[in-house]
Amino acid sequence: MKKRTYTRILILLLIVLLLAGGVHVRAAEPVPEIEYVPIYRNNQVVDSLHDIKAYYNLDGQSIQWCNYLIERYYNTTIGIEMHCSWQGPVILKNETGVKYYFEKLPEDAIPQTGDILFGPASLRGYGMEHWCMVKSYDQYTGRITIFEQNWRYNGQAGVGRQLDYPTKYYYLYRLMTPAGEAEFNLPEIHTIQTEAGHTAVDAASRLGIATVFENFQKTVTIEQLLLWCCNTIRAATGNSFYAETDAPLAAAEQLGLISPGTWQEGDTLTREVAAVILVRLAELLQPQPETDLSVLNRFTDACKISAKLRPAVAKAVSLGLMTHEEDRFDPSTGFTVEQALISLADLAQNVSREVVLTYVPVEDRSISSAPNSGSAHTDGASAACATASILGELRRK
């Protein structure tokens with residue numbers, strides 16, 4: 001009995017000593033319950049802020065450490081050489097002519113894009129510290145969207161992770177000058193305009209369809225949309241080899257999404273041409289019902305839709321693939337990033353799992369390429385892609 005009493009007294013004394021010494025017992029930083037982006041290759045870009053890319057590597061020999069992103073960001077955008085020290089961010093070299101320094105902010109500060117988040121191991125409850133940045137802050141929810149690299153869970157990349165603020169896991173730092181906050185003179189991040197857009201962006205990041213966003217109202221280029229189409233196929237069917245291609249135009253030609261030689265990198269898309277590509281993607285994933293052209297009668301500008309593209313536009317509208325104003329389709333305007341993500345996220349999440357595309361090795365293929373369905377600029381009437389190939393043939397089970 002005495003031995004048990006002595007043990008209890010010793011435990012109480014130990015707790016008192018720990019508290020007196022400033023040692024706090026903390027819960028570990030929680031792992032968000034979200035889906036993560038699979039890592040398929042070294043130097044895989046999973047996110048971007050002001051044209052600064054966040055990289056992840058497949059192997060452990062050439063890891064892109066978390067602090068490298070912070071140091072690269074400030075070196076590129078401001079022109080200073082800084083170091084992420086265990087004592088906080090410090091400037092090593094500054095030849096800009098402006099006196100910069102990093103200031104640790106109080107808990108009631110409002111986070112801003114570009115602020116640095118430093119999580120010491122003692123605060124995070126893990127064996128390693130972590131560095132990341134504020135990509136955006138929502139004052140209504142009190143959440144920071146994080147820009148980071150080398151934040152992994154089960155070998156997958158954490159993208160678009162959110163953090164409640166104030167937080168007990170990180171310190172917040174901001175670049176300052178003697179006159180006040182530093183001016184970055186960076187391009188504005190154009191925001192999402194619709195509720196459906198917010199949902200789609202979250203889904204696109206979660207499914208790995210698209211994770212690099214700078215301007216949601218910018219017109220997508222042909223290679224952007226086609227790469228996202230290939231990623232949508234991967235997200236919907238599990239065929240991971242699409243994400244490994246660095247040539248989305250060539251992959252899309254073999255899939256039958258576009259006709260060979262009709263596009264060049266950097267070309268921008270109109271909404272009516274995007275409709276053709278999306279319909280072909282939808283029919284590649286699973287059979288779609290026929291559509292009557294009368295669905296276009298709702299639009300006051302229906303006569304402006306190119307005659308040869310009307311069947312594809314009608315089907316895209318009928319399938320809900322194209323967002324539009326109540327009485328206008330705007331066929332010749334640009335197809336924005338937000339509009340593309342809404343369409344692709346919806347496709348990826350609504351494919352019947354009974355329809356599965358499987359990869360057939362090149363030596364076993366019987367069809368070398370998808371049927372030529374005509375130029376995407378002029379021929380939208382034929383969007384059937386029952387079979388297609390990319391280094392082989394895709395067949396329905």
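Fair warning: this is a prediction, and the values are worked out from it, not measured in the lab.

Draft legend 1. Expanded view of the overall build of the protein. In terms of helices and strands, the protein carries nine helices and 16 strands. Out of the 397 residues belonging to the protein, those deemed buried represent 46%. When contacts within the protein are restricted to residue pairs at least 6 apart in sequence, long-range pairs at least 24 apart make up 69% of them. When the accessible area of the protein is evaluated, it comes to approximately 20200 Å², of which 51% is carbon and sulfur surface.

Draft legend 2. Spotlight on the packing of aromatic side chains. What the rule picks out here adds up to four aromatic pairs. For the ring pair Phe-118 and Trp-131, a centre distance of 4.1 Å and an interplane angle of 20 degrees mean the geometry is stacked. Here Phe-118 is found in strand S7 (residues 116–119), whereas its partner Trp-131 is found in strand S8 (residues 130–138), with 13 residues between them in sequence. With respect to class, Phe-118 is no different from Trp-131; both count as buried. Relative to Phe-329, the ring of Phe-299 has its centre 5.6 Å away and its plane inclined at 55 degrees; by these criteria the two rings are tilted. A residue pair is termed long-range when its members are at least 10 positions apart, and Phe-299 in the loop between helix H7 (271–285) and helix H8 (310–318) and Phe-329 in the loop between H8 and helix H9 (337–349) qualify at 30 residues.

Draft legend 3. Region of interest: helix H5 (residues 222–237). Look at H5: 23 Å from first C-alpha to last across 16 residues, which is about the 22 Å you get at 1.5 Å a residue. Counted residue by residue, H5 has 13 buried out of 16 residues, so it is predominantly covered. Where H5 ends, the next residue or the one after it, Gly-238, has phi of about 85 degrees, a positive value.

Draft legend 4. The arrangement of the pattern of salt bridges in detail. On inspection of all chains with the given rule, the structure shows 11 salt bridges. Between Arg-124 and Glu-29 there is a salt bridge; the shortest N-O distance is 2.7 Å. Of the two residues, Arg-124 sits in helix H3 (residues 121–124) while Glu-29 sits in the loop between helix H1 (2–20) and strand S1 (37–38), which places them 95 residues apart along the sequence. Pair check on accessibility: Arg-124 and Glu-29 agree, each one buried. Beyond isolated ion pairs, a larger network of salt bridges with shared partners links Glu-29, Arg-124, Glu-148 and Arg-161.

Draft legend 5. Geometry of the pairing of strand S9 (residues 143–147). Among the five residues of S9, four are classified as buried, and the element is accordingly described as predominantly covered. Of the pairings in the sheet, the one linking S8 to S9 comprises five bridges and is antiparallel in character. Across the sheet, residue Asp-138 finds its bridge partner in S9, namely Arg-143. Counted between consecutive antiparallel strands, the loop separating S8 from S9 contains four residues, among which Gly-142 sits at a positive phi close to 70 degrees.

Draft legend 6. Representation of the packing of helix H4 (residues 195–207) against H9 in the model. Across the interface, H4 lies against H9 with an axial gap of 8 Å and an inter-helix angle of 60 degrees. In terms of axis orientation, H4 runs oblique to H9. As H4 runs across H9, the sense of the crossing is left-handed. Within the contact between the two elements, H4 uses Ala-196, Gly-197, Ala-200, Val-201, Ala-203, Ala-204, Arg-206 and Leu-207 and H9 uses Glu-338, Leu-341, Ile-342, Ala-345, Ala-348 and Gln-349. Residues that form the contact of H4 with H9 fall into these classes: 10 nonpolar, two polar and two charged.

Draft legend 7. Summary view of the environment of Leu-227. In this fold, Leu-227 is placed in helix H5. Look at Leu-227 and you get partly exposed, because its relative accessible area is 29%. Between the C-alpha atoms of Leu-227 and Ala-210, which are 17 residues apart in sequence, the distance is 8.6 Å.

Draft legend 8. Layout of a nonpolar patch on the surface. Among the surface-exposed residues, Val-31, Tyr-126 and Tyr-153 lie close enough to one another that they form a single nonpolar patch of about 250 Å² accessible area. Locating Tyr-126 in the fold gives a position in the loop between H3 and S8. Taking the relative accessible area as the measure of exposure, Tyr-126 reaches 37% and is therefore partly exposed.

Cut-off values and rules
- Residues numbered from 1 in each chain as written.
- Predicted model: local features only at pLDDT ≥ 70, side-chain atom pairs only at ≥ 80, totals over all residues.
- Heavy atoms only, no water.
- Helix = DSSP H or I, 4+ residues; strand = E, 2+ residues; numbered from the N terminus.
- Buried < 20%, exposed > 50% of the residue type's maximum accessible area, 1.4 Å probe, protein only.
- Contact = heavy atoms within 4.5 Å.
- Areas by Shrake-Rupley, 256 points an atom, 1.4 Å probe, with all protein chains shown as cover.
- Phe/Tyr/Trp six-rings, centres within 6.5 Å; stacked < 30°, edge-to-face > 60°.
- Expected span 1.5 Å × (residues − 1).
- Salt bridge = Lys/Arg side-chain N within 4 Å of Asp/Glu carboxyl O.
- Pairing = 2+ DSSP bridges.
- Axes fitted to C-alpha atoms, helices over the stretch in contact; angles between N-to-C directions.
- Parallel < 35°, antiparallel > 145°, perpendicular 65-115°, else oblique.
- Left-handed = near helix turned anticlockwise from the far one by under 90°.
- Nonpolar A, V, L, I, M, F, W, Y, C, P; charged D, E, K, R; others polar.
- Patch = residues over 30% accessible without salt bridge, like charges linked within 9 Å, V, L, I, M, F, W, Y side chains within 5 Å.

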